[in-house]
Amino acid sequence: MKSYKDAFLSFIYNLQDQITIGLETEDGVATFQEDQWDRPEGGGGRTRVIANGAVFEKGGVNTSAVFGDLPESMQQLFGVSQARFFACGLSLVMHPSNPMVPTVHANWRYFEMYDLDGNLIDQWFGGGQDLTPYYLFPEDAQHFHQVCKAACDRHEASFYGTFKNQCDRYFWNAHRHEARGIGGLFFDYCKPTDTFNMDQWFQFVTDIGHSFLTAYLPIVSKRKALPFTNEQRTWQEIRRGRYVEFNLVHDKGTLFGLKTNGRIESILMSLPPHVQWVYDHQPEPNSEEALLLEVLRVPKNWV
């Protein structure tokens, strides 16, 4: 079994540089501040956070590589005993100030598991990218999904449909009966099959990662200077509350970080700085806000 540890680490470190440069350029004012941290049990990370910019109110582009004994709760999840693990990845969330610009999330990761003698016994890739608008511009959703589809199609014609549907199912706030956003891609436990080996999975995941800026930056550029009202900003903060609810109630990445004693500041970096929870808030019928909710209740095919 071949390890992809070094190759994937090189990929996420280089991609972190590319993405932070691209986002800084689009913002034009703020820059990312870097914070390197160590995990006592093994490993650490490189957290980069941007705040109070011309475009981005808060955001982070983080890399981490952690290893050690697999916690008992994770042993039960994976059906193993007394195993060790290595996990690395890049995770990002960007929260723009302007409610016309969507929030974006992306993650690309790699996991290895070992027996107590250090032999590699399992491995897989995972990741994805998804968009959370506050006001719906169909052409933006179409652009984001088209870039995702083009990247998938370079590897396997069935991937876009499969991973788009998995994204719609995963980023679902079941307690609200609505999606977190308009989706994108989500894939996990990507292991060898009869037709797709680990080299091909590596090429696929890295290709998706390199497609991120193409998917997101044109949308930001088009919407960042649009005017907005205080009422629209309030709606953005109410919808951000739904984002927080998903991350704290349902998200597996948050749970994994907490159960493996990850760095809490990096785990909760995804939470926006200004949020509202308004009791039983209902938008005006036939409004732009109500239109967004209609789309979130029934996932849509954008391409």
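Computed from a predicted structure; not experimentally measured.

Next up on the list: the overall build of the chain. Check the secondary structure of the chain and you find 10 helices and nine strands. For 303 residues, the compact-globule estimate of 2.2 N^0.38 gives 19 Å, and the C-alpha radius of gyration of the chain, at 19 Å, lies within 12% of that figure. When its C-alpha atoms are laid out on the principal axes, the chain stretches across 60 × 40 × 35 Å. Evaluated residue by residue, the chain yields a buried proportion of 54% over its 303 residues. A fraction of 70% describes how many contacts in the chain between residues 6 or more apart in sequence connect residues 24 or more apart. Carbon and sulfur atoms make up 51% of the accessible area of the chain, which amounts to about 13,700 Å² in all. With 27 positive and 37 negative side-chain charges, the chain shows a spacing of 2 Å between the two charge centroids.

What follows deals with helix α3 (residues 138-153). Taking 1.5 Å per residue as the helical rise, α3 with its 16 residues ought to reach 22 Å, and the 22 Å between its terminal C-alpha atoms agrees with that figure. Residues of α3 that are buried: Asp140, Ala141, Phe144, His145, Val147, Cys148, Ala151 and Cys152. When α3 is viewed along its axis, its buried side chains cluster within an angular range of 150° and face the same direction. For α3, the elements touching its buried residues are β5 (103-114), β6 (120-132), α4 (159-170), β9 (183-190), α5 (198-210) and α6 (212-223).

Looking now at empty space enclosed by the protein. Scanning the entire structure with this criterion turns up three cavities of 30 Å³ or more. Its boundaries defined by the atoms lining it, the largest cavity holds a volume of some 80 Å³. Lining the largest cavity are 13 residues, and of these Asp168, Ala179, Gly181, Ile182 and Gly183 sit closest to its centre. Contributions of two or more residues to the lining of the largest cavity are made by α4 and α10 (288-297). Here the lining of the largest cavity is composed, by residue class, of eight nonpolar, two polar and three charged. Considering only enclosed or pocket space, the second largest cavity measures out at about 60 Å³ in volume. In terms of lining residues, the second largest cavity is bounded by Met100, Pro102, Leu131, Pro133, Tyr135, Leu136, Phe137, Asp140, Ala141 and Ile182. Taken together, the residues of the lining of the second largest cavity sort by class into nine nonpolar, no polar and one charged.

Where charged atoms from two side chains of opposite charge come close, those side chains can pair. The final tally for this structure, using the stated rule, is 24 salt bridges. Asp35 is the partner of Arg263 in a salt bridge, and the nearest nitrogen-oxygen pair spans 2.4 Å. Here Arg263, found in the loop between α8 (252-259) and α9 (264-267), pairs with Asp35, found in strand β1 (residues 33-38); they are 228 residues apart in sequence, far enough to count as distant. Asp207 serves as the salt-bridge partner of Arg154, at 2.9 Å between the closest nitrogen and oxygen. Of the two residues, Arg154 is situated in the loop between α3 and α4 and Asp207 in helix α5; the sequence distance between them amounts to 53 residues. Owing to a relative accessible area of 53%, Arg154 belongs among the exposed residues under this scheme. Classification of Asp207 by relative accessible area gives buried; the value is 17%. Through salt bridges with shared partners, one network takes in Asp17, Glu34, Arg46 and Arg48.

A separate point is the environment of Gly181. Relative to the assigned elements, Gly181 resides in the loop between β8 (178-179) and β9. Its relative accessible area of 13% is what places Gly181 among the buried residues. Residues contacting Gly181, with those up to four places away along its chain left out, are Leu131, Thr132, Pro133 and Leu296.

This brings us to the packing of aromatic side chains. Remark: the centre distance and the inter-plane angle together describe each pair of aromatic rings, the angle taken between the planes. A full pass over the atoms with the stated rule returns 29 aromatic pairs. Taking the centre distance of 5.7 Å and the plane angle of 75° together, the rings of Tyr170 and Phe246 count as edge-to-face. Of this pair, Tyr170 sits in helix α4 while Phe246 sits in helix α7 (residues 230-249); the two residues are 76 residues apart in sequence, bridging distant segments of the chain. With respect to class, Tyr170 is no different from Phe246; both count as buried. An aromatic cluster of three or more residues is present, and its members are Tyr4, Phe8, Phe11, Tyr110, Phe125 and Phe202. Cation over ring: Lys5 sits above Phe86, and NZ or CZ is 4.8 Å from the ring centre.

Calculation criteria
Along each chain, residues carry numbers from 1 onward, in the same order as the chain's sequence is written. Where totals are concerned, whole chains, interfaces and linings use all residues; where local detail is concerned, this predicted model gives features only for residues with pLDDT of at least 70, and gives and counts side-chain atom pairs only at 80 or more. Side-chain calculation: all heavy atoms of the structure are included, whereas hydrogens and water are not. A helix here means a DSSP run of H or I that spans at least four residues, while a strand means a run of E at least two residues long, and both kinds are numbered starting from the N terminus. For the radius of gyration, the atom set is restricted to C-alpha positions; the globular benchmark scales as 2.2 Å times the number of residues to the power 0.38. A simple rule labels every residue: compare its accessible area, found with a 1.4 Å probe on the protein chains alone, to the largest value its type can have, and call it buried under 20%, exposed over 50%, or partly exposed in between. Should any heavy atoms of two residues lie within 4.5 Å, those residues are considered in contact. Note on areas: Shrake-Rupley, 1.4 Å probe, and residue coverage restricted to the protein chains presented here. Counted as positive: Lys and Arg. Counted as negative: Asp and Glu. His and the chain ends are not counted at all. Charge positions come from single atoms, namely NZ of Lys, CZ of Arg, CG of Asp or CD of Glu. Given the number of residues in a helix, its expected span is that number minus one, multiplied by 1.5 Å. Note that the arc is computed from the directions linking the helix axis to the C-beta atoms. A cavity here means a set of 1 Å grid points, computed over protein atoms only, where a 1.4 Å probe fits but cannot escape. A pocket is an open set with protein on both sides within 12 Å along at least 5 of 7 lines, and lining residues have an atom within 4 Å of a point. Grid points are joined across faces, edges and corners, and a volume is the space filled by probe spheres set on the points. Any residue outside Ala, Val, Leu, Ile, Met, Phe, Trp, Tyr, Cys, Pro, Asp, Glu, Lys and Arg is labelled polar, Gly included; the first ten of those are nonpolar and the last four are charged. Salt bridges are identified by distance alone: a Lys or Arg side-chain nitrogen within 4 Å of an Asp or Glu carboxyl oxygen. Stacked, tilted and edge-to-face are the three classes applied to pairs of Phe, Tyr and Trp rings, where Trp contributes its six-membered ring and a pair requires centres within 6.5 Å; stacked means planes under 30 degrees apart, edge-to-face means over 60, and tilted covers the rest. Two limits define a charge over a ring: the Lys NZ or Arg CZ must be within 6 Å of the ring centre, and within 35 degrees of the ring normal.

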